[in-house]
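What follows is each chain in one-letter form.
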Amino acid sequence: MSVLNKIVQGATKLVSKFTGLSQEESARNAAEKTVTPGMPELLRRAAAEGAVLLKNENATLPLANGTTVSLFGRGQTEWFYTGYGSGGDVNKPYAVSLLEGLRNCPTLSVNESLASIYTAWGEKNPIDHGFWGHWPRYYLDMPLNSTLVRTAATASDCAVVTIGRSSGEDRENALEKGSYYLTDAEREMLTLITEHFQKTVVLLNIGSMMDLSWVDDYDGKIGAVLLVWQGGMESGNAVADLLSGAVTPCGKLTDTAAKTYESYPSAVDFGKKDYNFYTEDIYVGYRWFETFAKADVIYPFGFGLSYTDFSVTFLTAEESESAFQFTCAVKNIGTQYSGKETVQIYLQKPCGRLGNPARVLAGFAKTKILAPNASEELQITVPKTALASYDDSGVTGFRSAYVTEVGTYRFYLGTDVRGAEEIYAYTCPETVLTEQLSEVAAPLVPFSVIKAEENGGVRVPKKQEVSLAQTNLQKRITENLPQGTPMTGDKGYKLSDVQNGTVSIEDFTAQLNLTELEAISRGDYTMNSKLGVAGNAGAFGGVLESLRQKGVPPVITTDGPSGIRLWSCCSLMPIGTLLACTFDEALVEEVFAAIGAEMLEKGTDVLLAPGINIHRNPLCGRNFEYYSEDPLLTGKIAAAAVRGIQKNGVSACPKHFACNNQEFNRNQNDSRLSERALREIYLKGFEICIKESNPHTIMTSYNKINSVHGHYQYDLCTTVLRGEWKYDGLVITDWWMRSQKSPEFPNLKDNAYRVRAQVDVLMPGGKRTGKKKPDGTLLATYGKPDGITLGELQRTAQNVLRFCMRSSAMKRFQKK
């Protein structure tokens with residue numbers, strides 16, 4: 001630990017003694033409020049570009065120069081900047097509220113009399129932010145009366161109303177008023193305001209999709225609805241830019257907004273304690289609605305309005321041996337405002353024997369800022385592998401394989417899934433094998449899932465039984481156990497010798513004794529490791545002095561993805577869903593590159609980000625960290641985030657691998673799904689991310705996937721990740737893990753079970769309480785029949801060592 005860290009920790013302990021604050025609270029409060037140069041401008045731009053304009057009747061927005069605005073809702077000063085929990089708990093240098101943002105805006109003015117009333121009420125009625133997993137879902141608002149609202153209406157030109165909702169880890173959003181639904185007070189507020197104001201704008205400051213059916217209840221009364229999400233520390237400035245027209249909205253929905261919660265196909269199989277059957281199968285989000293239930297949609301996937309209008313003209317389609325390339329022209333046909341537009345390509349596969357959705361996102365591209373009458377040509381490439389579907393039953397004649405079925409494949413171009421129009425058709429004359437794989441993580445218990453079948457040219461939902469696991473996993477593992485290298489004792493080799501090519505990694509690893517092999521497979525026991533900067537999430541690698549003497553550096557991790565969670569001051573980014581709504585890979589890469597540079601400055605090596613689980617259900621509490629209901633968009637945005645972080649030599653850690661789609665009982669809940677849904681929906685985003693950006697680390701999930709916890713999933717972490725996808729990085733657990741015996745090798749449990757699955761590092765390394773020492777489970781069966789082998793221990797060590805050599809930790813360690 002550095003001298004500075006020792007001073008900071010000593011000082012905060014002294015402060016804690018006299019103030020009653022925790023050591024962490026004291027340190028965070030005392031941290032210098034530093035601002036990374038260029039970060040405010042970048043985050044402000046990103047927060048604005050991810051906002052989605054849902055409604056804009058009679059050009060309510062943007063507000064004209066000189067408009068006086070009355071702000072309603074305590075959200076004007078008590079903004080939700082991010083979600084609660086590890087993913088958003090960043091010690092930010094500042095946060096711009098909506099009120100502050102509008103005061104900063106040179107073209108708009110605020111009804112200060114009303115603002116002062118709200119401010120005074122807020123000071124007398126402070127918010128209780130609760131505690132872990134028990135945060136407020138919304139903030140109780142100031143009661144209104146007709147006199148107050150009428151007075152505000154006479155003193156201003158427009159009402160801007162904020163509806164705010166929290167989001168957070170380790171709990172779900174609730175199907176109740178004040179969470180998924182508006183409260184009675186919020187409805188009364190909207191009714192009262194729209195009775196007195198001719199122009200009303202509603203801002204949705206939320207972390208995940210909520211009920212939007214109320215928008216139609218105020219048709220003709222609410223002029224504009226702007227979904228601004230949770231935009232990080234520059235939220236207020238970004239929203240002011242949008243309201244004033246300094247920025248034209250260009251965000252697109254990454255989730256479908258349904259008319260009712262019950263319309264979502266996962267509604268009947270979400271939130272259960274022990275397990276959820278993924279009965280909707282591959283028909284997640286728009287795949288369900290566009291195939292079976294178009295009438296149940298309020299706002300379709302990909303939807304988002306602008307202050308200007310665009311024309312999209314299809315130009316050409318070219319087919320090569322491996323892909324289709326589509327070219328289109330986008331023109332700003334408006335007369336007043338510049339803006340950006342996103343074009344989207346959707347694919348309709350033949351229904352076939354497998355049953356396929358009516359639409360699947362196949363590609364997208366975004367223009368630069370186009371002035372009125374300006375245009376830009378965009379090219380979108382769709383690989384031919386996108387035509388294939390996974391056959392987990394063998395109905396096509398190719399079991400456990402991606403197959404392109406006979407029939408016509410139609411491509412659609414547009415600016416959302418509903419409005420896209422057919423531009424091209426490709427006919428496959430016969431069913432062909434695209435990629436032969438092997439069965440992995442298939443369900444162990446029977447249940448039914450939805451399958452599309454054609455009836456008179458219309459696709460209708462039918463039920464079919466899932467294909468159950470047939471693979472002998474014990475045999476697969478045994479046949480692929482790695483060979484070890486006889487231990488040699490310390491030869492004086494350093495890890496730098498491996499790095500410069502003078503010693504092989506096998507010879508270096510052969511030096512490690514069992515104590516060192518155990519230690520390198522876990523972290524330094526606790527969060528806020530003394531081996532790293534204060535407030536870190538934990539350290540791994542050189543956690544023993546003997547390992548450090550051999551040149552193995554301690555690697556420092558920090559929570560994400562909304563910024564770097566340390567005791568020191570770090571930038572607070574917009575939430576993941578907002579960033580995905582930009583549909584802008586270059587912008588996302590730029591944002592995360594700036595965060596990566598901040599990581600280097602702060603002395604951390606691994607950011608536990610991005611979060612790339614699928615939005616299976618709108619009630620999932622952690623949706624704010626994730627991107628979309630669509631795996632292609634998820635994978636592309638995640639890959640951009642990883643590329644940005646790793647440009648700086650630091651490391652990204654996508655999470656949670658896999659099917660972490662529920663927070664309630666997340667440590668024990670079992671996600672039960674078909675292998676087809678697993679591969680096409682829930683693994684696909686990870687696959688795209690890994691193949692396009694090569695993240696240095698991957699984090700497993702807490703939950704079970706078809707009866708096996710993520711940190712014990714051999715098929716996911718070895719067969720798929722290392723085998724099929726050729727991943728050469730490190731796999732770590734989420735923080736702490738569940739105790740369990742291996743069904744295939746009953747003598748193995750816990751850490752031995754984990755290492756056999758090739759989950760390399762247990763984080764943070766020990767139990768939440770008790771002594772800091774190994775639990776003994778890794779080496780308990782060493783040298784015994786079916787026990788953990790030297791080859792497995794050395795394989796894990798080599799995975800860690802390879803990571804260390806590419807990590808920023810290595811350079812920092814060598815400078816000491």
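Our structure is the block above this text.
Residues numbered from 1 in each chain as written. Predicted model: local features only at pLDDT ≥ 70, side-chain atom pairs only at ≥ 80, totals over all residues. Heavy atoms only, no water.

A.B. asks: Help me understand the sheet that holds strand β8 (residues 275-277), please; the structure alone is not making it clear to me.
C.D. replies: What holds strands together in a sheet is hydrogen bonding between their backbones, with the strands either parallel or antiparallel. The four strands are arranged β8-β26-β28-β29 in an open sheet whose pairing can be described as mixed. Two strands bound the open sheet, and with one partner strand each, they are β8 and β29 (708-709). In this structure, strand β28 (residues 704-705) lies alongside β29, joined through two bridges in antiparallel fashion. By the bridge assignment, K704 is partnered in β29 with H709. (Pairing = 2+ DSSP bridges. Helix = DSSP H or I, 4+ residues; strand = E, 2+ residues; numbered from the N terminus.)

A.B. asks: Sorry, what's going on with the pattern of salt bridges here?
C.D. replies: Side chains bearing opposite charge may pair, as long as their charged atoms lie close to each other. Evaluated as defined, the whole model comprises 50 salt bridges. It is possible to trace a salt-bridge network through shared partners that takes in E169, D170, R622, E625, K655, E663 and R666. (Salt bridge = Lys/Arg side-chain N within 4 Å of Asp/Glu carboxyl O.)

A.B. asks: Just to check I follow, could you spell out a positive patch on the surface for this structure?
C.D. replies: Among the surface-exposed residues, K741, K749, K767, K771 and K773 lie close enough to one another that they form a single positively charged patch. Assignment of secondary structure puts K767 in the loop between α22 (750-756) and α23 (790-806). Residue K767 is classed as exposed on the basis of its relative accessible area of 65%. (Patch = residues over 30% accessible without salt bridge, like charges linked within 9 Å, V, L, I, M, F, W, Y side chains within 5 Å. Areas by Shrake-Rupley, 256 points an atom, 1.4 Å probe, with all protein chains shown as cover. Lys, Arg positive; Asp, Glu negative; His and termini not counted. Charge placed at Lys NZ, Arg CZ, Asp CG, Glu CD. Buried < 20%, exposed > 50% of the residue type's maximum accessible area, 1.4 Å probe, protein only.)

A.B. asks: Mind showing me how you'd approach the side chain of N623 here?
C.D. replies: With respect to the helices and strands, the residue N623 is situated in the loop between β24 (606-608) and α18 (631-646). By relative accessible area, which is 3% here, N623 ends up buried. With sequence-adjacent residues up to four places away left out, N623 is seen in contact with G207, S208, T577, H615, N617 and P618. (Contact = heavy atoms within 4.5 Å.)

A.B. asks: Before we go on, may I ask you to explain the packing of α18 against helix α20 (residues 684-693) in this structure?
C.D. replies: If you want to describe how two helices pack, look at the angle between their axes and the distance between the axes. Here α18 crosses α20 at 35°, and the two axes come no closer than 7 Å. Seen from above, α18 lies across α20 with right-handed handedness. In this structure, α18 contributes P631, L632, T634, G635, K636, A638, A639, V642, R643 and Q646 to the contact, and α20 contributes K684, G685, I688, C689, E692 and S693. Across the contact of α18 with α20, the residue classes tally to seven nonpolar, five polar and four charged. (Axes fitted to C-alpha atoms, helices over the stretch in contact; angles between N-to-C directions. Left-handed = near helix turned anticlockwise from the far one by under 90°. Nonpolar A, V, L, I, M, F, W, Y, C, P; charged D, E, K, R; others polar.)

A.B. asks: I'm lost on the nonpolar core in this one. Help?
C.D. replies: As a rule of thumb, soluble globular proteins bury nonpolar side chains together. Grouped together as the largest cluster of nonpolar side chains are 208 residues, with contacts concentrated most on F72 and W214. F326, C328, V330 and Y409 belong to the second-largest nonpolar core, a separate cluster that totals 21 residues. (Core = buried A, V, L, I, M, F, W, Y, C linked by side-chain atoms within 4.5 Å.)

A.B. asks: Got a minute to help me understand the packing of helix α6 (residues 146-154) against helix α7 (residues 184-196) in this structure?
C.D. replies: At their nearest, the axes of α6 and α7 sit 9 Å apart, and the two run at 45° to each other. With respect to α7, the axis of α6 lies oblique. Taken as a pair, α6 and α7 cross one another with a handedness that is right-handed. Residues S146, V149, R150 and A153 of α6 touch α7, and the partners they reach there are L192, I193 and H196. Considering only residue class, the contact of α6 with α7 consists of four nonpolar, two polar and one charged. (Parallel < 35°, antiparallel > 145°, perpendicular 65-115°, else oblique.)

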